[in-house]
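Coordinates in review
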Amino acid sequence: MTSPPATKQPPLPRSYLLWLGGAATSQLGDAVLYFALAWAAAAHGGIAAGLVLSAIALPRTLLLLVGGAVGDRLGARQVMIIGDAVMIGVAIVLAVTTTWIGAPVPLLVAAALIVGTNDAFYLPSMGSMPRQLVADALVGRAVALRQSGSQLIGVVGAPLGGVVVAFAGVPAAAWVDAVTFALVLIVLLRVRPRFDPPPPVQRRHIVREAADGVRIAFTTEGLGPALLLVAGAAGFILPFSSILIPLMAQEHAWGATGAGVLVGVQAAGAIVTTLIVSKRGVGARAGLIAVGGLATVGLGQLVVAVTGSLPGAVAGVLLMGLSAGVFVTHLNPVLLKAAPPTYLARVQALLVLVQSVTLLVTNNVIGSVAHAFRPEVAVYGCAVVLLMCAVAGLVSRPIRRITE
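Structure report, in brief. Fair warning: this is a prediction, and the values are worked out from it, not measured in the lab.

Conventions and cut-offs
- Residues numbered from 1 in each chain as written.
- Predicted model: local features only at pLDDT ≥ 70, side-chain atom pairs only at ≥ 80, totals over all residues.
- Heavy atoms only, no water.
- Helix = DSSP H or I, 4+ residues; strand = E, 2+ residues; numbered from the N terminus.
- Rg over C-alpha atoms; globule rule 2.2 N^0.38 Å.
- Contact = heavy atoms within 4.5 Å.
- Areas by Shrake-Rupley, 256 points an atom, 1.4 Å probe, with all protein chains shown as cover.
- Lys, Arg positive; Asp, Glu negative; His and termini not counted.
- Charge placed at Lys NZ, Arg CZ, Asp CG, Glu CD.
- Axes fitted to C-alpha atoms, helices over the stretch in contact; angles between N-to-C directions.
- Parallel < 35°, antiparallel > 145°, perpendicular 65-115°, else oblique.
- Left-handed = near helix turned anticlockwise from the far one by under 90°.
- Nonpolar A, V, L, I, M, F, W, Y, C, P; charged D, E, K, R; others polar.
- Salt bridge = Lys/Arg side-chain N within 4 Å of Asp/Glu carboxyl O.
- Buried < 20%, exposed > 50% of the residue type's maximum accessible area, 1.4 Å probe, protein only.
- Core = buried A, V, L, I, M, F, W, Y, C linked by side-chain atoms within 4.5 Å.
- Disulfide = S-S within 2.5 Å.
- Phe/Tyr/Trp six-rings, centres within 6.5 Å; stacked < 30°, edge-to-face > 60°.
- Polar contact = N/O pair within 3.5 Å; in protein donor to acceptor, adjacent residues only side chain to side chain.

Some remarks on the overall build of the protein chain
The number of helices and strands found in the protein chain is 14 helices and zero strands. In summary, the protein chain has a C-alpha radius of gyration of 21 Å against a globular reference of 22 Å for 404 residues, a match within 12%. Overall, the C-alpha framework of the protein chain stretches about 65 × 60 × 45 Å when taken along its three principal axes. In the protein chain, of all internal contacts separated by at least 6 residues, the share reaching a separation of at least 24 is 87%. Surface accessibility of the protein chain: about 17,600 Å² in total, with carbon and sulfur atoms responsible for 71%. For the protein chain, the centre of its 24 positive side-chain charges and the centre of its 13 negative side-chain charges are spaced 9 Å apart.

Here's the deal with the packing of helix α8 (residues 223-251) against helix α10 (residues 286-307)
Geometry of a packed helix pair, given as the angle between the helix axes and the separation of the axes. Interaxial distance between α8 and α10 falls to 12 Å at its minimum, and their mutual angle equals 20°. The angle between α8 and α10 places the two elements in the roughly parallel class. The handedness of the crossing between α8 and α10 is left-handed. Along its contact with α8, which presents L229, A233, F236, I237, F240 and M248, the element α10 presents V291, L294, V297, Q301 and V304. The class makeup of the residues in the contact of α8 with α10 is ten nonpolar, one polar and no charged.

Details of the pattern of salt bridges
Under the defined criterion, the tally for this structure stands at eight salt bridges. Across the salt bridge formed by R73 and E209, the nearest N and O atoms sit 3.4 Å from each other. Of this pair, R73 sits in helix α3 (residues 64-74) while E209 sits in helix α7 (residues 206-219), and the two are 136 residues apart along the sequence. This pair shows no difference in class: R73 is buried, exactly as E209 is. For D212, the salt bridge is made with R215, and the minimal N-O distance between the two is 3.7 Å. Separated by three residues within a single helix, D212 and R215 lie in helix α7, roughly one turn from each other. Among the residues examined, R215 registers a relative accessible area of 42% and is labelled partly exposed. Through salt bridges with shared partners, a single ionic network connects R131, D136 and R194.

Some points on the nonpolar core
Grouped together as the largest cluster of nonpolar side chains are 110 residues, with contacts concentrated most on W19, L244 and F327. With residues near it in sequence (within four places) discarded, F327 still touches L229, V230, A233, A290 and L294.

Digging into the state of the cysteines
The full count for this structure, using the stated rule, is zero disulfides. A disulfide-free cysteine, C382 has its sulfur positioned 11 Å from the sulfur of C389, the nearest such atom. On the basis of relative accessibility, which here comes to 1%, the residue C382 falls in the buried class. The class for C389 is buried, based on a relative accessible area of 16%.

Description of unusual backbone geometry
For residues that are not glycine, phi is negative in most cases, and the peptide bond is trans in most cases. Backbone geometry places A253, a non-glycine residue, at a positive phi of 60°. Its location among the elements puts A253 in the loop between α8 and α9 (255-280).

Some details on the packing of aromatic side chains
Applying the stated rule across the entire model yields three aromatic pairs. The interplanar angle of 75° and the centroid separation of 6.2 Å between the aromatic rings of Y122 and F181 together place this pair among those described as edge-to-face. Residue Y122 is located in helix α5 (residues 105-133), and its partner F181 is located in helix α6 (residues 139-188); the two are separated by 59 residues in the primary sequence. Judged on exposure class, the residue Y122 and its partner F181 are both buried.

Section: the packing of α5 against helix α12 (residues 344-372)
Closest axis-to-axis distance for the α5/α12 pair is 8 Å, and the angle between their directions is 125°. Classified by the interaxial angle, the pair formed by α5 and α12 is oblique. Handedness of the α5/α12 crossing: right-handed. For the pair formed by α5 and α12, the contact residues are P124, S125, G127, S128, R131 and Q132 on the first element and L344, A345, Q348 and A349 on the second. Each residue belonging to the contact of α5 with α12 can be placed in one class, and the counts come to four nonpolar, five polar and one charged.

Let's talk about the side chain of T98
Topologically, T98 is positioned in helix α4 (residues 76-101). Engagement of the side chain of T98 in a polar contact is seen with the backbone oxygen of L94, the distance being 2.6 Å. Apart from residues lying up to four places away in sequence, T98 is in contact with A103, L107, V170 and P171.

Looking at the environment of L28
Relative to the helices and strands, L28 is located in helix α1 (residues 14-42). Separated by 129 residues in the primary sequence, L28 and G157 have C-alpha atoms spaced 5.7 Å apart. Beyond its immediate sequence surroundings of up to four residues, L28 is in contact with I153, V156, G157 and L160.

Describing the environment of V70
With respect to the helices, strands and loops of the structure, V70 is situated in helix α3. By relative accessible area, which is 17% here, V70 ends up buried. The spacing of V70 and Y16 is 54 residues in sequence and 22 Å in space, taken between C-alpha atoms. Look past the residues within four positions of V70 in its chain and what remains in contact with it is G75, V79, F121 and I206.

Take a look at the structure:
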């Protein structure tokens with residue numbers, strides 16, 4: 001007796017694929033520009049480099065909730081069009097100025113402040129676009145495809161920035177960013193979101209609207225626990241590749257090549273999973289599947305800590321990458337689908353904020369533990385916390401009840 005053929009998944013809308021291509025291109029341009037800013041700042045010393053990077057991160061973090069409220073008030077598409085125009089102007093000014101006078105620290109800081117402020121308004125609206133452009137039944141696949149593109153850009157963005165800066169300098173990196181934002185601006189002028197912003201008569205003070213976004217997130221069933229679970233995952237997964245892999249590579253003499261291989265394998269695993277989900281769709285019991293993925297990430301970290309060898313570490317990070325892809329693709333769509341249409345950007349702003357604040361704490365804690373003891377001790381700690389988060393998700397009724 002033959003099994004019935006698998007149900008063919010409907011294609012994602014052309015408008016979404018068009019926007020996603022433009023958005024990915026602009027993200028790549030941003031990665032090139034961020035590398036160029038950091039590189040130019042580093043030429044002035046460590047203090048200047050830290051100042052420039054902080055000038056991006058600080059306004060982005062402080063203004064995220066306001067940026068989300070503005071996105072819901074004016075419409076995500078309108079906010080992104082304005083943001084694209086701002087970035088094109090900044091990039092052109094930066095390209096022309098650095099060609100004539102070089103890259104003094106005040107110029108870099110000013111550019112970084114504008115970029116960080118623009119990000120605070122742009123990112124929440126961009127995060128809402130999968131639901132703005134596709135039907136609710138396709139949101140999971142749309143988010144997965146976007147995630148795979150972001151992972152790929154995370155792998156190639158910095159190396160590409162290095163090549164551009166090495167061969168053509170900071171002005172060329174700025175021109176690249178300007179061109180990529182011009183492309184996504186053209187795309188945005190063509191697409192039309194599903195939801196319209198509320199009429200002006202319903203507007204209140206922007207701070208109250210931002211606070212309403214927090215209230216809605218933690219009173220809508222499933223949203224609050226999902227946000228907390230994402231925060232815990234981000235806080236103890238992301239520092240693994242940025243802090244612990246380089247430290248373990250130095251301790252075990254794997255070298256920079258070994259560290260690069262581990263980071264690349266972890267990213268590749270996540271890309272594979274997200275591409276599969278973008279093709280086949282999200283599992284029916286999305287909450288339980290996400291919790292299982294999170295627990296498996298913790299097991300992958302334990303493999304890395306226990307083996308102490310490069311082949312064993314490769315196996316561990318591959319398991320981590322595959323499982324992290326499962327977690328993200330099954331939980332992040334919940335944050336889009338459960339949010340009321342008039343609160344999409346605000347919920348996305350809160351998602352970015354809780355991850356950023358959690359990372360601000362865990363980066364320092366994990367680094368301190370690794371310094372005081374050994375990197376493996378910090379890895380064990382991350383694994384234990386992730387397993388505890390998975391258990392908390394398993395006993396959480398709202399998480400268990402999450403379905404595709």
